[in-house]
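Here's the letter readout for the chains.
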Amino acid sequence: MDGMIAMLPACLQLSTHIDFQGQKVAERTYQVVLTLAGIVGFFVGFWTQQLSYAIFIVMAAACFTGVIILPPWSFLFRKNEIVWQTPAGEQGSTSTSSTTSAEKDEKKKKETKKTK
Amino acid sequence: MHNILNRANALLAFTLWVMAAVTAACFLSTVFLDYTVPTKLTVKDIKVRTIADYATDEQQADLATLSFNLNVDFTKVFNWNVKQLFVYLVAEYNSDNNAVNQVVLWDRIVERANRVVMDEVNVKPKYYFLDDGSNLLKHQNVTFVIRYNVIPNAGYLRLVQSTDQISVPFPTTYTTSRRS
């Protein structure tokens, strides 16, 4: 899917990521809203004796929740920005990073020998 | 949940889960209700004639024609889990060949509405009342009963028999008229 998105024109390649706290809030939002819609829909359907009313209420609640959680609203889901570490391989840190990676390879070899 | 497709997938899956739960609750709320209704059924103008039936050994079979009146109020059967009813009229009798014969004479699909009353007068059967022998003549009691399938929105296909049935004796002579 990411490959297909990369083929889109640049104006459509919008970032939709949200931070971890935002993901937690988004999941809790849709769980609560849809469960409430299911309960309300059941009682509305039972009162009017129309199953279609119950299903329509759940579908409407799903659309409403989609408007809330699908777009990456910055005031809801981007309040705790993720702090990424600086990538290895930048200028000034190549020598140290290569030695550390070589040390890590040696450590892995020693560990595998021990387990055998 | 880090991109929009992931969130959309999670939302859709949970929505379908909730819809399934609501439908299951709808089924549970209607499964123990009583779906029987009384029916007013009368059968008249019964005529029995014998016709050539080349598929059997006897080469002759009894064919009965009749006309019936039916009055049923189905309104209380319909609830939010009932889509339609499939109502049919059955003639049951025993004979020397078979312990039980059941012949469906007429059926009708009844769809949901606010008030559903079936009032049929002088109806001719849809399907032939053909015996596999000559057992209809002089029969003491042929039982006519209305049964219906309750077709739900969610759940199993329920078969209900109405509380009333009538038994009629059949004519003792073959009819000579050509008109049924």
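Predicted, not measured: the structure shown is a model, and the values here were computed from it.

## Structural notes on the overall build of chain B
Consideration 1: Along the backbone of chain B there are 1 helix and 8 strands.
Consideration 2: N-terminal to C-terminal, the α/β element order of chain B is α-β-β-β-β-β-β-β-β.
Consideration 3: Since a compact globule built from 180 residues should have a radius of gyration of about 16 Å, the 23 Å found for chain B marks it as more spread out than a globular shape.
Consideration 4: Once the C-alpha set of chain B is aligned to its principal axes, its extents read approximately 85 × 35 × 30 Å.

## A word on the overall build of chain A
Consideration 1: When helices and strands are counted, chain A shows 5 helices and 0 strands.
Consideration 2: Reading the helices (α) and strands (β) of chain A from amino to carboxyl end gives α-α-α-α-α.
Consideration 3: Nonlocal contacts in chain A, meaning residues at least 24 apart in sequence, comprise 63% of its contacts between residues at least 6 apart.

## Some points on helix 2 (residues 20-48) of chain A
Consideration 1: For helix 2 of chain A, spanning 29 residues, the distance from its first C-alpha to its last is 42 Å, which sits close to the expected 42 Å at 1.5 Å a residue.
Consideration 2: Those residues of helix 2 of chain A lying buried are G22(A), A26(A), Y30(A), L34(A), A37(A), G38(A), G41(A), F42(A) and G45(A).
Consideration 3: Where the residues of helix 2 of chain A are buried, they touch helix 3 (51-69) and helix 4 (74-77) of chain A together with helix 1 (4-30) of chain B.
Consideration 4: Positive phi appears at Q49(A), one or two residues downstream of helix 2 of chain A, with a value of about 55°.

## Comments concerning the environment of V40(A)
Consideration 1: Counting through the fold element by element, V40(A) comes out in helix 2.
Consideration 2: Using a count of 14 C-beta atoms within 10 Å as the deciding quantity, one classes V40(A) as partly exposed.

## Looking at helix 3 of chain A
Consideration 1: The end-to-end C-alpha distance of helix 3 of chain A, which contains 19 residues, comes to 27 Å, matching closely the 27 Å that a straight helix rising 1.5 Å per residue would cover.
Consideration 2: The complete set of buried residues in helix 3 of chain A reads L51(A), A54(A), I57(A), V58(A), A61(A), A62(A), T65(A) and I69(A). An end-on view of helix 3 of chain A places all buried positions within 135° of arc, on one side of the element. Facing away from the buried surface of helix 3 of chain A by more than 90 degrees, the exposed residues are S52(A), A60(A), C63(A) and V67(A).
Consideration 3: Among the structural elements, helix 2 of chain A together with helix 1 of chain B are those in contact with the buried residues of helix 3 of chain A.

## Some points on the UniProt feature "transmembrane region" (unreviewed entry) in chain A
Residues and elements named next belong to chain A.
Consideration 1: UniProt records the feature "transmembrane region" (unreviewed entry) for residues 29-47 and 53-76 in the present numbering.
Consideration 2: Annotation note: span residues 29-47, helix share 100%, strand share 0%, distance between end C-alpha atoms 27 Å.
Consideration 3: End C-alpha atoms of residues 53-76 are separated by 31 Å, and the span's content is 83% helix alongside 0% strand.

## Describing the domain arrangement of chain B
The accessible area lost on association of the parts is a frequent measure of interface size.
Residues and elements named next belong to chain B.
Consideration 1: Entries for chain B in the domain assignment read domain 1 (1-30) and domain 2 (34-168).
Consideration 2: A straight line from the C-alpha centre of domain 1 to that of domain 2 covers 43 Å.
Consideration 3: Every contact between the two is made by 5 residues of domain 1 and, on the other side, 6 residues of domain 2.

Each value, and the rule that gives it
Residues numbered from 1 in each chain as written. Chains lettered and ligands numbered in written order. Predicted model: local features only at pLDDT ≥ 70, side-chain atom pairs only at ≥ 80, totals over all residues. Helix = DSSP H or I, 4+ residues; strand = E, 2+ residues; numbered from the N terminus. Rg over C-alpha atoms; globule rule 2.2 N^0.38 Å. Contact = placed C-beta atoms within 7 Å. Expected span 1.5 Å × (residues − 1). Buried ≥ 20, exposed ≤ 12 C-beta atoms within 10 Å, placed from the backbone. Arc of directions from axis to C-beta. UniProt positions renumbered as here; feature names shortened; annotations may be inferred. Domains from an automatic or database assignment.

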